[in-house]
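# Coordinate analysis (summary)
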Amino acid sequence: MHRRDDQSPQGETARILVEFLEVAINSIVFLKGVYPTGAFERRRYMNVVVQRARHPQLREYIHSAVTGLLPFIQKGLVERVAVIFFNTDNMPVESFIFKLMVSLSYGAKVEEGDLEFSLRSFLIKLSVSEPVTKVLPHDFRWEITAYFRSLPKVDTSTDAELWIPTDTKQWQQPPQITPIKSMSSEPLSMQLYLEHPSISEPQP
């Protein structure tokens, strides 16, 4: 009898990671002051106090975006998940990047407690990372973007249809990178870092 995909080590890891990403992205949006503080409510997750969006549409946008990535994360197709803030010229001014590596060869039982302990440290670090972020321009927008190692077959997955190719402008110069937190273990390695435009980046 075969194990279902979501009961495999990769499936279990992906499930925990997606839940974490949903909480982390809520935390980023709160940290950046995108919406009034009253738009969020305090919750406890992994024994850490976190912020969750109250507004149903905002909460659903974050939830559906990361949940749609679940089958691709467990197959190792997702390289990075980014929360990107843009100016009015549609140029990125700041990006929070989660760089992921789920081990496809890992065959042991996932120690959920160990994994959650590592992920909890990301939330703690994120909550105090405001000093290394930039002040956003007055008018800005933001979005969640995923970078795939290879494109999934759309015809075999309705989840893939939720993701559309982005027309996001790219910086011409390599970005400035500020590390926030990293973990390297089995079955998951992850880095969280900030990207900002280089000082030599041409202005629009």
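By convention here, each chain's residues receive numbers from 1 onward along its written sequence. Only residues with pLDDT of at least 70 get local features here, since the model is predicted, and only at 80 or more are side-chain atom pairs given and counted; chain-wide, interface and lining totals rely on the full set of residues. Hydrogens and water are ignored here; the side-chain numbers use all heavy atoms of the structure.

## Quick word on the overall build of the chain
Numbering goes from the N terminus for both helices and strands, where a helix is a DSSP run of H or I of at least four residues and a strand is a run of E of at least two. Along the backbone of the chain there are 5 helices and 7 strands. In sequence order, the secondary structure elements of the chain are arranged as α-β-β-α-α-β-β-α-β-α-β-β. A total of 204 residues make up the chain; the buried ones form 47% of that total. In this analysis, two residues are considered to be in contact whenever any of their non-hydrogen atoms come within 4.5 Å of each other. Taking the contacts inside the chain whose residues are at least 6 apart along the sequence as the reference set, 73% of them involve residues at least 24 apart. Carbon and sulfur atoms make up 52% of the accessible area of the chain, which totals about 11,500 Å². Think of it in three bands: residues with accessible area under 20% of the maximum for their type are buried, residues over 50% are exposed, and the middle band is partly exposed, with areas taken using a 1.4 Å probe on protein chains only. For every accessible area listed, the method is Shrake-Rupley and the probe measures 1.4 Å; residues are considered covered only by the protein chains on display.

## Description of the packing of aromatic side chains
Centres within 6.5 Å make a pair out of two Phe, Tyr or Trp rings, where for Trp the six-membered ring is used; the pair is then stacked when the planes are under 30 degrees apart, edge-to-face when over 60, and tilted otherwise. Scanning the entire structure with this criterion turns up 7 aromatic pairs. The interplanar angle of 75 degrees and the centroid separation of 5.2 Å between the aromatic rings of Phe 30 and Phe 40 together place this pair among those described as edge-to-face. Taken together, the residues Phe 30 in helix α1 (residues 9–31) and Phe 40 in strand β1 (residues 40–45) connect sequence positions 10 residues apart. Judged by its relative accessible area of 5%, Phe 40 is buried. Taken together, a centroid distance of 5.6 Å and an interplanar angle of 65 degrees make the contact between Phe 72 and Phe 148 edge-to-face. With Phe 72 in helix α3 (residues 70–74) and Phe 148 in strand β5 (residues 141–148), the pair connects residues that are 76 residues apart, well separated along the chain. As a reminder, the over-ring test applies to NZ of lysine and CZ of arginine, requiring each to be within 6 Å of the ring centre and within 35 degrees of the ring normal. The aromatic ring of Tyr 147 is capped on one face by Arg 80, whose charged end is 4.1 Å from the ring centroid. Arg 141 extends its terminal NZ or CZ atom over the ring of Phe 86, reaching a point 4.1 Å from the ring centre.

## Quick look at the pattern of salt bridges
In the sections that follow, a salt bridge refers to a side-chain nitrogen of Lys or Arg positioned within 4 Å of a carboxyl oxygen of Asp or Glu. For the coordinates displayed, the defined rule picks out 9 salt bridges. Close ionic contact of Glu 41 with Arg 52 constitutes a salt bridge, the shortest N to O distance being 3.0 Å. Linking Glu 41 in strand β1 with Arg 52 in strand β2 (residues 48–53), this pair joins segments that are 11 residues apart in sequence. On the basis of relative accessibility, which here comes to 16%, the residue Glu 41 falls in the buried class. Through salt bridges with shared partners, a single ionic network connects Glu 41, Arg 43, Arg 52, Arg 54 and Arg 59.

## Focus on the nonpolar core
Membership of the largest hydrophobic core comes to 53 residues, with the highest contact counts inside it found for Phe 20, Ile 73, Phe 98 and Trp 142. Looking at this core element by element, the count peaks at 12 residues for α1. Leave out the neighbours within four places in its chain, and Trp 142 touches Ile 25, Val 29, Val 34, Tyr 35, Leu 58, Tyr 61, Ile 62, Val 83, Ile 84, Phe 85 and Phe 86. Nonpolar cores are built from buried Ala, Val, Leu, Ile, Met, Phe, Trp, Tyr and Cys residues. Side-chain atoms within 4.5 Å join them into one set. Core analysis: the second largest hydrophobic core is formed by 5 residues, Ala 82, Ile 84, Ile 97 and Tyr 193 among them.

## Focus on the environment of Ser 103
Positionally, Ser 103 belongs in the loop between β4 (92–102) and α4 (112–127). Put simply, Ser 103 and Ser 189 are 86 residues apart on the chain and 8.2 Å apart in space, counted from C-alpha to C-alpha. Not counting the four nearest positions on each side in its chain, Ser 103 is found in contact with Gln 10, Glu 186 and Pro 187. In protein, a polar contact means a hydrogen-donor-capable atom and an acceptor-capable atom, both N or O and within 3.5 Å, with residues adjacent in sequence counting only if both atoms are side-chain atoms; elsewhere, any N or O pair within 3.5 Å suffices. Here the side chain of Ser 103 touches Tyr 106 through a polar contact of 3.3 Å, landing on its backbone nitrogen. A polar contact of 3.1 Å, which involves the side chain of Ser 103, links it to the side chain of Glu 186.

## With respect to the pairing of strand β6 (residues 176–184)
Two strands pair under a simple rule: DSSP has to find at least two bridges between them. Pairing geometry for β6 and strand β7 (residues 188–196), over 8 bridges, is antiparallel. The residue bridging Lys 181 from the neighbouring strand is Leu 192, located in β7. From the end of β6 to the start of β7, which pair antiparallel, there are 3 residues.

## Quick notes on the environment of Thr 133
Examined against the element boundaries, Thr 133 turns out to sit in the loop between α4 and β5. Among residues more than four places away in sequence, those in contact with Thr 133 are Leu 31, Lys 32, Glu 94, Phe 96, Leu 194 and His 196. Of note is the side chain of Thr 133, whose polar atom sits 3.4 Å from the side chain of Lys 32. A polar contact of 2.8 Å, which involves the side chain of Thr 133, links it to the backbone oxygen of Glu 130.

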